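Structural characterization, general
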Amino acid sequence: MQRARRWQWQRIEGIQMSEFKTIGKNEQRVDIRSKVLGTAVYAADVNLPDMLHGKVVRCYEHAHARVVSLDLSAAAAVPGVVKVLGPKDVTSKAFNKSVIDLMASESTAQMLGDIEEQHIFTDHVKFYGDGIAGIIATSEEAAEQAAALVAVEYEPLPVYLTPEASAAPDAVQFTDQKPGNLAFSLPDGMFPGGQLGWGEVDQAFEGADLVIEDTFYTPKQKQCQMEPNSYVALYDDEGRLNCWMSSQMPKLVHEKLARLFEMPMSQVKVTQTVVGGGFGARLGMVMEPEVCAMALAVPGRPVKLQQPREEDWLTSPSRHPSRYWMKLGFKKDGTPAACDARSTNFKGGYYLDGSALASTTGFWLQGMYRFDTLRYKGDSYFTNQPVCGAFRGYGNPQTNFVLEQMIDRGCAELNIDPLEWRKKWHKQVGDMSWLNATPYTSCALDECLDQGAEAIGWAEKRAKYASQTGTKRRGIGVSVGNHTSGAFPMILEQTTCTVRLNEDASATVLVACSEIGQGSHTTLRQIAAETLGLPLDDVRLDAGDSDANGFDIGAHASRTLYVGGTAVMKACEDAREQLFARAAKLLQTSIDELDIDENKQIFVKDSPDRFVSAAKICRDGSFNFANPQTGELEGEPGQIQAYVSYKPDNNSPPFFSTFVEVEVDTETGEVDVLELVSSHDIGRAIHPAICEGQMEGGAQQGLGMALMEEIYFDDNGHVTNNSFTDYKMLGASDMPKMTNILVENPDPYGPFGAKSVGEAGLVTPVGATANAIFQATGIQFTQGPITPEKILQAIKEKGLSYT
Amino acid sequence: MSTRVLTDFDLVLPGSLSEALDILAQNGSAVTVVAGGTDILVAMKAGFKADMVMSLTALPDLDYLDYDASSGLRIGANASIAQVVDSADVERHYPALWQAAKIFATPQLRNTATVVGNLLRGSPAGDCCAAVAALGGSLTMASAGSTRELDIDDLWVAYGTTARADNELAVELKIPAPAAGRVSAFKRLTRVNEDLAKLNVAVSLQMDGSTCSDVRLAMGCVAPTMIRLPSAEAVLEGSELNSETLEKAAAAVQEDISPIDDQRSTAEYRRGVAGVYLKRAVEQACSIA
């Protein structure tokens, strides 16, 4: 892999780059051995004595129906069944499995119109696989056999698979809280006129030399995280509700469970096990309410709930499918005069994070280019489909697919090089960022584009492919994007961190940040070790225990390193200062004169022969601080501990670009992705290999969204490809030659200058791939994913021939 | 939907061929025969129920793959796809079969799945099925007291259904030795590399200069079973192989196929690429020769 760096020798947070001990190094991941050896304990690996097994009875007959009658008696009679649960046997409280409503302030959530309308078991089936009852048995087999014997009478309801269908005036209402099945539209109170943007858009179109418009569709894509959701819950003999789970957001789930079951948070303990991938699929609760309701029904006995992949597919959220209309106006010289857009999202059966997606889709739109005027409207309608929620990129890949294709269409009409256009018109430092509230703090997108273009040979290939013959046609495309590092101030980002120096001056860092495979515990540990001045092996992170860990909002919005990392850094700075203060006293000097070496000796910088070991200071603080005869203090008593509750001041968006080269077989419509080059302005690479891993993994999902991934439905709303046999993602051998370029341009706010890279990698491969296909075939595809079937059909319909 | 319930069944592991045939004679349709198990185990996870599963694992001497220049290729019922890939004889004399085996499923499945099992599964998408249908050959069907040779052309009778009688066991696949000038090839289209075919095609032709004869063309995923392409074969049979005849053959394929829409592709697309892929397979066969 090629990696380019742009070093900037500047002081960041008082530490000069050349002094870094671990920042920027590819340290061994903290979790790699157990994951490779298979000893890591995932939620499904949790087995407790006397454990029972839960099963949710699901409706596979209808995608929309009312339960007229439910007879659980035959199920209850199955040997091994301990309890059967209908809707009335569990809490009747409504809830919202998403946690978005907790992430913004209460007034904001109210203004957005977030609702709670889900129930543990429903009598109004809203999607294929909705849960209607529960079985608790001594084995998974018995539970499944019992579930098959539940006798249900349904009243089938019309199935709505599009916003238009569910918005019809006579349509059955999904919830009385959202009339017209309009789950969400940008509220007037927050966004005047129910829209984002600026300027007189209509007027600007009148003055434009070129106006283009089209309507796109972006598919319902599944995260396909490796580990299906699994849980164990136990309502223990002391009246405490325990839940072992793998949510990305353990602290918010903790709060939601306590609220749902009306227990003090101290009486609910949440343990986050090793998490086998997130990508948004666990951003909030998935099956936590169900398993906890089951555990409460059988006090003293643990209940495990795990579902086969096909069931997990239906019950965990996916990306929102989106219908996305866009109209752009340009001046002859390429000046982007106007952008008008509307995305209408297929919400699925329940509201969840209904307010967020239609908003962020527009945020990414307004954050990218210096349009003279811009207007965006967004809404979501309930549909009889499995729920939609967070998925890596959160609306950004959708916008990228649409906006970047439209830009290329405009450039083609105006005969402007799409790379040069982007360099000229992308937003820069000082321009308003995606929320249109805070300015961009750093931007090295030009550098990304220059390095990426050089790496893939943009200029030569773009020119070469402009005129070609033969049935196989090549094309090269570019796409740019930016994302966010946490979502402050829209979302109230916060992370608490406690650092404890042990009696040997090793450090335990307590922080609830989630390691969901993205490597955050490795990079947070690097930040802690670097800041404390301790060897990496002396630092340990302790996370995932709701008793031990303080608040952290969770792994979302690419915020863990940026917000969590700063929290860790600040707590470690405090701990280091306390340690140095004691050393300064002993060495009769000031803190500023001290440094710490690799053997944990704190020494006076100007006279290194004056030193004291950090271990001695810590040991004396616990064991050796007073004269036992006189009681006189001999050292400084007390363990060194530091605590911060940190909220960021910004969201330092990373900028990035992707170049994709494809070869399209015009006789079969097959797309061979030959090469992909992504370059990211990441501020600082704390761990370059982890950054590259994020970019490559993101590219795999981005290419998948562009080329093949989509959940299918039949006319009855039944999902027809909820398995890895029928839903395909790119495998290792399908991936193109890839080059990752890390452009390091330290951000003034991020820890050590770092910005996010978690979600970003998925975004630009989407638009770049579509644009490469556009150059290769001369056709723009508005309906994602761009499958061989669609390509061949388009070639046929347009009567094109390639010889 | 997958099931966690594995229903009760008898697992029988015959130690000899005669024992296996006796079991089949006595239990007939109640027996599900398993060689590699890569299809049956997946089916059982999806709810397929078997009363009796007869595994061939303990049967001695059925994992052979032998080639003889005069009598041809013999593949035993327990021979894996990986053995085909490893065979230089198959690579040289039966390119269609070797090419199909080479990209068959995944390495793990190639190590476990058997060639004969792939044929007996009766799927219209089987990659080895296409190759063998084009190469021609026969299966030795043994039953207690008798043995018959079943021509590959007569094997598949309906979707997932073969001409195997309930008391029969397919013990060996025979493919005749190719005459000088015989060429063959296999090609397929998939969504991703490691996948079931959305269309596969295999061709085998006797070339005399540029004239072809004894043309055998097979295509999968375009009908309820793997099929031969009689109309396209008729175009090519005895004719000079050139771009014109190839185009005609490619056009004639439309008369032979009846594809449907499914999770992997559409009928329209399959119709759109069938001729193209047939042409490419013939070109590939001739370029190797």
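Residues numbered from 1 in each chain as written. Chains lettered and ligands numbered in written order. Predicted model: local features only at pLDDT ≥ 70, side-chain atom pairs only at ≥ 80, totals over all residues. Heavy atoms only, no water.

Residue placement: Gln263 of chain B occurs in the loop between helix 10 (243–256) and helix 11 (267–288). Owing to a relative accessible area of 26%, Gln263 of chain B belongs among the partly exposed residues under this scheme. Along the primary structure Gln263 of chain B and Glu247 of chain B are separated by 16 residues, whereas in three dimensions their C-alpha atoms are 29 Å apart. In contact with Gln263 of chain B, not counting residues within four places along its chain, are Tyr712, Thr720, Asn721 and Asp726 of chain A together with Arg191 of chain B. Looking at Gln263 of chain B, its side chain comes within polar contact range of the side chain of Thr720 of chain A, at 3.2 Å. (Helix = DSSP H or I, 4+ residues; strand = E, 2+ residues; numbered from the N terminus. Buried < 20%, exposed > 50% of the residue type's maximum accessible area, 1.4 Å probe, protein only. Contact = heavy atoms within 4.5 Å. Polar contact = N/O pair within 3.5 Å; in protein donor to acceptor, adjacent residues only side chain to side chain.)

Another aspect to go through is the packing of helix 19 (residues 688–707) of chain A against helix 20 (residues 760–777) of chain A. All names here are of chain A. Running from N to C, helix 19 and helix 20 point in directions that differ by 45 degrees, and their axes come no closer than 7 Å. Classified by the angle their axes make, helix 19 and helix 20 are oblique. The interaxial crossing formed by helix 19 with helix 20 has right-handed handedness. In this structure, helix 19 contributes Gln694, Met695, Gly698, Ala699, Gln701, Gly702, Leu703, Met705, Ala706 and Leu707 to the contact, and helix 20 contributes Gly761, Leu762, Pro765, Val766, Thr769 and Ile773. Its residues placed into classes, the contact of helix 19 with helix 20 shows 10 nonpolar, six polar and no charged. (Axes fitted to C-alpha atoms, helices over the stretch in contact; angles between N-to-C directions. Parallel < 35°, antiparallel > 145°, perpendicular 65-115°, else oblique. Left-handed = near helix turned anticlockwise from the far one by under 90°. Nonpolar A, V, L, I, M, F, W, Y, C, P; charged D, E, K, R; others polar.)

Let us look at the interface of chain B and chain A. With 26 residues of chain B in contact, the opposing surface of chain A contributes 32 residues. Here chain B and chain A share an interface that buries about 2300 Å² over both sides, 50% of which is from carbon and sulfur atoms. Ranking the residues of chain B by area buried against chain A places Met1, Arg4 and Gln263 of chain B at the top, with a combined share of 29%. In this assembly, chain B and chain A are joined by six salt bridges. In this structure, Lys198 of chain B engages Glu789 of chain A in a salt bridge whose closest nitrogen and oxygen atoms are separated by 3.1 Å. (Buried area = accessible area lost by both parts, 1.4 Å probe. Salt bridge = Lys/Arg side-chain N within 4 Å of Asp/Glu carboxyl O.)

All names here are of chain A. Ranked by internal contacts, the top residues of the largest apolar core, which has 105 residues, are Met326, Leu328, Leu365, Tyr369, Ile407 and Phe659. Shared between two domains, this core takes at least three residues from each, and those domains are domain 1 (43–157 + 222–315) and domain 2 (426–487 + 651–797). Excluding residues within four positions of it along the chain, Leu365 makes contact with Tyr324, Met326, Cys339, Ala341, Leu374, Tyr376, Thr399 and Leu403. Counting 49 residues, the second largest nonpolar core, distinct from the first, contains Ala529, Leu561, Leu587 and Tyr646. (Core = buried A, V, L, I, M, F, W, Y, C linked by side-chain atoms within 4.5 Å. Domains from an automatic or database assignment.)

Averaged over all residues, the pLDDT of chain A is 95; the fraction at 70 or higher stands at 98%. Confidence drops under a pLDDT of 50 for residues 1–17 of chain A, and excluding neighbours within four residues, the segment shows 46 contacts in the predicted structure. (pLDDT = per-residue confidence, 0-100.)

A few words now on the sheet that holds strand 29 (residues 737–743) of chain A. Residue and element names in this part refer to chain A. Strand order in this open sheet of four strands is 19-27-28-29, and the pairing throughout is mixed. Each edge of the sheet is formed by a strand with only one pairing partner; in this case those strands are strand 19 (472–482) and strand 29. The average angle at which neighbouring strand axes cross in this sheet is 15 degrees, direction not considered. The pairing of strand 28 (residues 670–681) with strand 29 spans seven bridges and is classified as parallel. Each bridged residue has a counterpart across the sheet, and for Leu676 the counterpart in strand 29 is Met738. Most of the contacts of helix 11 (residues 354–368) go to strand 19, to which it runs at about 95 degrees, and overall it touches strand 19 and strand 27 (655–665). (Pairing = 2+ DSSP bridges.)

Let us now look at the sheet that holds strand 14 (residues 227–228) of chain B. Pairing between the strands of a sheet comes from backbone hydrogen bonds, and it takes one of two forms, parallel or antiparallel. All names here are of chain B. The strand order 11-12-13-14 describes an open sheet built from four strands, whose pairing is antiparallel. One side of each edge strand has no neighbouring strand; the edge strands of this open sheet are strand 11 (182–189) and strand 14. Strands in contact with helix 5 (residues 95–102) are strand 11 and strand 12 (199–208); relative to strand 11, the strand with the most contacts, it is inclined by about 25 degrees.

With that settled, the discussion passes to unusual backbone geometry. Residues and elements named next belong to chain A. Looking along the chain, the bond that leaves Phe488 and enters Pro489 is cis, with omega of 5 degrees. With respect to the helices and strands, Pro489 occurs in the loop between strand 19 and strand 20 (495–501). Here Asn436, not a glycine, exhibits a phi torsion of approximately 60 degrees, which is positive. Among the secondary structure elements, Asn436 is positioned in the loop between helix 13 (418–425) and helix 14 (445–456). Residue Asn436 is classed as partly exposed on the basis of its relative accessible area of 30%. In this structure, Ala557 takes a positive phi of about 50 degrees despite not being glycine. By the secondary structure assignment, Ala557 is in the loop between strand 22 (539–542) and helix 17 (560–587). Ala557 sits in the buried class, given a relative accessible area of 16%.

Moving on: empty space enclosed by the protein. Using a probe with the size of a water molecule, rolled over the atoms, empty space left in the structure can be pinpointed. Residues and elements named next belong to chain A. Under the defined criterion, the tally for this structure stands at seven cavities of 30 Å³ or more. The space that makes up the largest cavity amounts to roughly 210 Å³. Around the largest cavity, the lining comprises 21 residues; the ones closest to its centre are Lys97, Gln118, Phe127, Asp130 and Glu290. Taken together, the residues that form the lining of the largest cavity break down as 12 nonpolar, five polar and four charged. (1 Å grid on protein atoms, 1.4 Å probe; cavity = no way out; pocket = protein on both sides within 12 Å on 5 of 7 lines; lining within 4 Å. Points joined across faces, edges and corners; volume = space filled by probe spheres on them.)

Turning next to the domain arrangement of chain A. Residue and element names in this part refer to chain A. Partitioning chain A into structural domains gives domain 1 (43–157 + 222–315), domain 2 (426–487 + 651–797) and domain 3 (494–646). Between domain 1 and domain 3, a total of about 1300 Å² is buried, with carbon and sulfur atoms accounting for 51% of that surface. The largest share of the area that domain 1 buries against domain 3 comes from Gln248, Lys251 and Gln272, three residues that together contribute 39% of it. Summed over the shared surface of domain 1 and domain 3, the number is three salt bridges. The residue Lys269 makes a salt bridge to Asp545 at a minimum N-O spacing of 2.8 Å. Counting every contact that joins domain 1 to domain 3 gives 10 residue pairs in polar contact (both at pLDDT 80 or more). Sorting the residues of the side of domain 1 that touches domain 3 by element identifies helix 8 (250–260) and strand 14 (268–272) as the ones contributing at least two each. Looking at which element gives the most residues to the side of domain 1 that touches domain 3, the answer is strand 14, with five residues. The class makeup of the residues in the side of domain 1 that touches domain 3 is nine nonpolar, seven polar and three charged.

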